[in-house]
Structures are given as structure tokens and as C-alpha cells.
Amino acid sequence: MTPGTPLGRMTPLGRADPAKEARLLARIIETISAGLDLEEILRGIAALTTETTQTDVCFVYLLDETGERLVLGGATPPFHALAGQVELKMGEGISGWVAAHGRPAVITEDKHADQRYKHLPALGREDFTSLASVPIHSGSVHHGPPRLVGVLNVHTRQRREFSDADVQLLGWMAGLMAGAIENARLHRMLARREEAMERFAERIVLAQETERRRLAGEIHDGISQRVVSLSFHLSAAADALNESPHVAAREIAEAQALAEAALDETRLAIAGLHPPVLDDLGLAASLESLAGSIPQLEVHAEASPCELPAHVATSVYRIAQEALQNVVKHAGASQARVRLLSHGDTITLEIEDDGKGFSPEAGNAATGYGLPGMRERAELLGGTLEVKSYPGQGTLLRLRFPANNQARP
Ligand SMILES: Nc1ncnc2c1ncn2[C@@H]1O[C@H](COP(=O)(O)OP(=O)(O)O)[C@@H](O)[C@H]1O
Ligand SMILES: [Mg+2]
């Protein structure tokens, strides 16, 4: 909260009107305790904010989980329809500046003259003249250091001089609403994870069956066939041992070749079950080894070592494996790149190819098991999976998740 606590001597409305203030407080409480539905809360906040500050529109941007981007979370109509579709990098535009500096910004007129301003085509025509923007911080002196939750903006069509008291009121409202926003986000994240867990559990059962069938097939058609012939060759060798030692020697050589083949097949079957390198080499080196194991494709790997629990490393490896399989199967690429980065609290895995690309939005992305499976793994890691691809332009797959996540094994 800004100095000169609004509920103290000076009222948030900048004038002594306790009845009005009490009404406002009651409305805020009503809005923030409306439930745990994030969209509903943001819609309520936007409406209440425009009404209270007598402005025309309100935008609520939320800091995404990587802490690098602001995403429009809610707004007054008609802009609420753009929730989730408008993004700003930290430092970009007025809102990005407010987020990066943790300070309010006011523009009275001629926003184009302000170096911080950036026109967002997604928001359409710009018929707004003045704006005020404040950071939304949660936490207080009593509950640890404040955390940036997002940015709250109000705009007016008519020229408006936002006073210090206006900005203070906006900041005060933002502070009161921050906790509710955080709770709703947390709730949404947990609900998504739980859903992902449920779907994942179903798929695990299915995948287990498929895997068992594969393994049974490999043992039956490959390994056990070879062991059967191996045993024939050994009996033939035993029969021939006395009369014709050279036949026995040939049979033994055959048997040896079959034993080696069976061993190779056993190794392959095991490797398909669990990536054996992962335990020995760790994730970074395993990804490099994975990249080197694809003869059809030139794959550059760049992986910085990071300490991750085994089940997390396995998930990341599986996502990389499936992504590279997709590159081989579908992309017709000549080159691909695998990158594993650890930046602050965030781990990023990128798989990029220069192949033919596709439309991730189109139905084909939902039909395979691969992409949905990767998404579920990402959600279980408490992270996100982005697929950037256009026909003719290659594909970039980006997994991001917090390193210190509490994903369940
Ligand atoms: N790297 C890629 N390049 C081109 N197309 C891709 C790529 N990755 C995925 N696709 C497309 O997305 C579809 C879905 O992929 P996925 O879910 O892994 O299923 P599957 O690999 O079993 O077809 C693929 O069939 C393909 O059309
Ligand atoms: Mg696939």
C-alpha cells in the first residue's frame, strides 16, 4: 500500500466520505469473495474499478508463471473476450514498465510521445486518451515481501488528469484484490493439475497395456525365437561333436551369433522401457546422447546440467524423445535443435526443427497421443507446453516449468 494509508486519515476517495468508503469496501469484499473462479473475479474487479475510478475501461494483466510475461487476464467488455490473447514482455509497453519498475504510471494525453507506450494491435482502435496503471502486489509487511501479481490499468476516452489520490485509490484497490487473484490462480492451477493427474492415470493404464504388449511381442517374436534356434544349434553341435567336429564348431558359431543377437534385442527392449542413460549420465548428457542417436537427422544439443528429481528428469526426457520422434516422423526436417536451459527458477526445454511445420490449432494436434501426452506431462510438472508452428516454417516446442515444483512422482 502506498504511504498515507487510505483507510487512515485520508480516505481512498480523497475526501472524507465514510459512507461512500464503506460502500466501496463492501463491494470490494463482495467481489473478491465471490468464489474461486479467476475469470469471474477479474471481470468483477474490472467492472468495480472502472466504476469507482470513473473511467471507461479497465484491463487486468497477470504475470505468468515464468515471471517474464504479462498476459491479459480480464477486462471490461468488450475487451474481456481477449483474455489470454494479449501478451506483453516484462518491460514492454506501459504495463510492462509498471511491472518491471513496480511503480505506477500515468499518461494524460499524447501517449504516442511517451517512449514506454506500445500500441497493441489486438486491442483494436485506440480511442483512449488518458490512462493510469498500477502494479498489483500481494503480500504485505506482515506476510513476507510483496510479490508482483500483475498490473491494473484504467483508460478514459476523454482527457483526464489522474491525481495522486486517483492513483493511490487504484493502488489501494489493486492491493486489496491481489490476494483474491492469487488464490483464484492457485485454485485454477491445482484444478488443472488434478485434471491432468486424472487423465494421466487413465493413460498410464493404457500405456502400461501397450507397453506390455510391445514387450511380450518383442520377447515372443524376437528373443525367444532366437533362444529356440540357439538351442537347436547347440543340440546339433552336441550330436556332431564326436563324428564331425567341424560341423559342431559351425553349429556352435551359429549358436554364439544367435546368443549375441538375443542379447542385443534384450538390451533394446529394456532401453525402450526405461532410458538407462538417464540414471548414469543425468538429464543433460542423456539429452545430448538422445540427440546423437538419430541417424536420419542432424540434431544439435545444448543442455546445461540441472539437478532435478528422477521422475521430473524422466518426464523431460520423454517429452524430448516424443518431440524428436515427431520431427523424424512428420517434419521432413534436415536439422533440429534440443536446448535445456535453467534460468533462475525456471527450466526450459526447447526442440526446434526446420521442417514443414503444421497448424497446432487444427484438429491434427489433438488426434495423436504424442502432443496431448506431452501436455499432460508438462501440466504435472506444474509447467506449460507451447507449440509454435506454421505450415512451411518449422516447429518449436517449448516446455517450461518451475525447478522447485512440487509435482508428484
Ligand atoms: N515437428 C513436427 N513437424 C510437423 N508436424 C508435426 C510435428 N510434430 C507434430 N506434428 C503434427 O502433429 C500431429 C500430432 O502429433 P502427435 O500428437 O505426436 O501424434 P502422432 O505423432 O502419433 O501423429 C502429427 O500427426 C503431425 O501431423
Ligand atoms: Mg508423435
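Just so we're clear, the structure is a prediction, and the values are computed from it rather than from any experiment.

(A) A look at the overall build of the protein. Regarding its fold elements, the protein presents 10 helices and 11 strands. Here the protein, with 409 residues, has 42% of them falling under the buried criterion. Intrachain contacts of the protein at a sequence separation of at least 6 include 63% that bridge at least 24 residues. On the protein, roughly 22300 Å² of surface is accessible, and the fraction owed to carbon and sulfur atoms is 54%. Of the side chains in the protein, 40 bear a positive and 53 a negative charge, and the two mean positions are spaced by 7 Å.

(B) Broad picture of the coordination of the magnesium ion (ligand 2). Donor atoms from the polypeptide that coordinate the magnesium ion (ligand 2) comprise Glu322 (OE) and Asn326 (OD1), at 2.1 to 2.2 Å from the metal. With Glu322 and Asn326 both in helix 8 (residues 310–331) and four residues apart, this pair spans about one turn of that helix. Take Glu322 and Asn326: they sit in the same class, and that class is buried.

(C) Inspection of the site of ligand 1 at higher detail. Around ligand 1, the structure places 14 residues, and the nearest of them are Glu322, Asn326, His330, Asp353 and Leu371. Residue Asp353 places a side-chain N or O atom 3.0 Å away from a nitrogen atom belonging to ligand 1. Expressed as a share of its isolated accessible area of 540 Å², the protein-covered part of ligand 1 is 83%. Where the shell around ligand 1 is concerned, the elements lending two or more residues are helix 8 and helix 10 (370–380). If one sorts the elements of the shell around ligand 1 by residue count, helix 8 sits on top with five residues. A per-class count over the shell around ligand 1 returns four nonpolar, seven polar and three charged.

(D) Examining the pairing of strand 2 (residues 69–75) more closely. Here strand 2 lies mainly inside the structure; seven of its seven residues are buried. The turn linking strand 1 (residues 57–63) back onto strand 2 is made up of five residues, and Gly67 within it adopts a positive phi angle of 75°. Relative to strand 3 (residues 87–89), strand 2 runs antiparallel, the two being bridged by three bridges. Across the sheet, residue Arg69 finds its bridge partner in strand 3, namely Lys89.

(E) Region of interest: the packing of helix 7 (residues 283–292) against helix 8. Relative to each other, helix 7 and helix 8 sit at 15°, their axes nearing to 10 Å. Accordingly, the angle class assigned to the pair helix 7 and helix 8 is roughly parallel. As for the relative orientation of helix 7 and helix 8, their crossing is right-handed in sense. Between helix 7 and helix 8, the residues in contact are Leu283, Ser286, Leu287 and Leu290 and Ala313, Val316, Tyr317, Ala320, Gln321 and Leu324, respectively.

(F) Here's a closer look at the sheet that holds strand 3. If you walk across this open sheet you meet the six strands as 3-2-1-6-5-4, and the pairing is antiparallel. Strand pairing shows two members of the sheet lacking a second neighbour, strand 3 and strand 4 (105–107), which therefore form its edges. Averaged over all pairs of adjacent strands, the angle between their axes in this sheet comes to 25°, without regard to strand direction. Here three bridges tie strand 4 to strand 5 (residues 130–138), and the two strands are oriented antiparallel to one another. For Ile107, the partnering residue across the bridge sits in strand 5 and is Leu131. In the packing of helix 2 (residues 38–53) onto the sheet, the strands contacted are strand 1, strand 2 and strand 6 (147–156), and the crossing angle to strand 1 comes to about 135°. Each of strand 1, strand 2, strand 3, strand 4, strand 5 and strand 6 is contacted by helix 3 (residues 93–101), which is oriented at about 35° to strand 5, the strand it contacts most.

(G) Examining the environment of Asp110 more closely. Structurally, Asp110 is set in the loop between strand 4 and strand 5. Residue class for Asp110 comes out exposed when judged on its relative accessible area of 52%. As a C-alpha pair, Asp110 and Thr129 span 19 residues in sequence and 7.2 Å in three-dimensional space.

(H) Spatial organisation of the side chain of Glu376. Mapped onto the secondary structure, Glu376 falls in helix 10. For Glu376, a relative accessible area of 2% puts it in the buried group. Contacts of Glu376, omitting those with residues within four sequence positions, involve Ala196, Arg199, Phe200 and Arg203.

(I) Spotlight on the nonpolar core. Of all hydrophobic cores here, the largest spans 38 residues; its most connected members are Leu283, Val316, Leu340, Leu349, Ile351, Leu397 and Leu399. At the level of secondary structure, the elements contributing two or more residues to this core comprise helix 7, strand 7 (298–303), helix 8, strand 8 (335–343), strand 9 (346–353), helix 10, strand 10 (384–389) and strand 11 (395–402). Ignoring anything within four residues of it in the chain, the contact list for Leu397 reads Ile319, Ala323, Leu349, Glu350, Ile351, Leu371, Met374, Leu385, Glu386 and Val387. Grouped together as the second largest cluster of nonpolar side chains are 29 residues, Ile28, Leu38, Val134 and Val167 included.

(J) Quick look at the sheet that holds strand 7. Reading across the sheet, the five strands line up as 7-8-9-11-10 and stay open at both edges, with mixed pairing between neighbours. In this open sheet, the two strands that pair with only one neighbour each are strand 7 and strand 10. Across the sheet, the mean angle from the axis of one strand to that of its neighbour is 10°, orientation sign disregarded. When strand 10 meets strand 11, the two strands line up antiparallel, connected through six bridges. The residue of strand 11 that forms the bridge with Glu386 is Arg398. Of the strands in this sheet, strand 7, strand 8, strand 9, strand 10 and strand 11 touch helix 8, which is tilted by about 15° from strand 9. Seen against the sheet, helix 10 touches strand 10 and strand 11 and runs at an angle of roughly 140° to strand 10.

Criteria and thresholds
Residues numbered from 1 in each chain as written. Chains lettered and ligands numbered in written order. Predicted model: local features only at pLDDT ≥ 70, side-chain atom pairs only at ≥ 80, totals over all residues. Heavy atoms only, no water. Helix = DSSP H or I, 4+ residues; strand = E, 2+ residues; numbered from the N terminus. Buried < 20%, exposed > 50% of the residue type's maximum accessible area, 1.4 Å probe, protein only. Contact = heavy atoms within 4.5 Å. Areas by Shrake-Rupley, 256 points an atom, 1.4 Å probe, with all protein chains shown as cover. Lys, Arg positive; Asp, Glu negative; His and termini not counted. Charge placed at Lys NZ, Arg CZ, Asp CG, Glu CD. Donors = N, O, S within 2.8 Å, 3.2 Å for Na, K, Ca; no water. Near = heavy atom within 4 Å. Polar contact = N/O pair within 3.5 Å; in protein donor to acceptor, adjacent residues only side chain to side chain. Nonpolar A, V, L, I, M, F, W, Y, C, P; charged D, E, K, R; others polar. Pairing = 2+ DSSP bridges. Axes fitted to C-alpha atoms, helices over the stretch in contact; angles between N-to-C directions. Parallel < 35°, antiparallel > 145°, perpendicular 65-115°, else oblique. Left-handed = near helix turned anticlockwise from the far one by under 90°. Core = buried A, V, L, I, M, F, W, Y, C linked by side-chain atoms within 4.5 Å.

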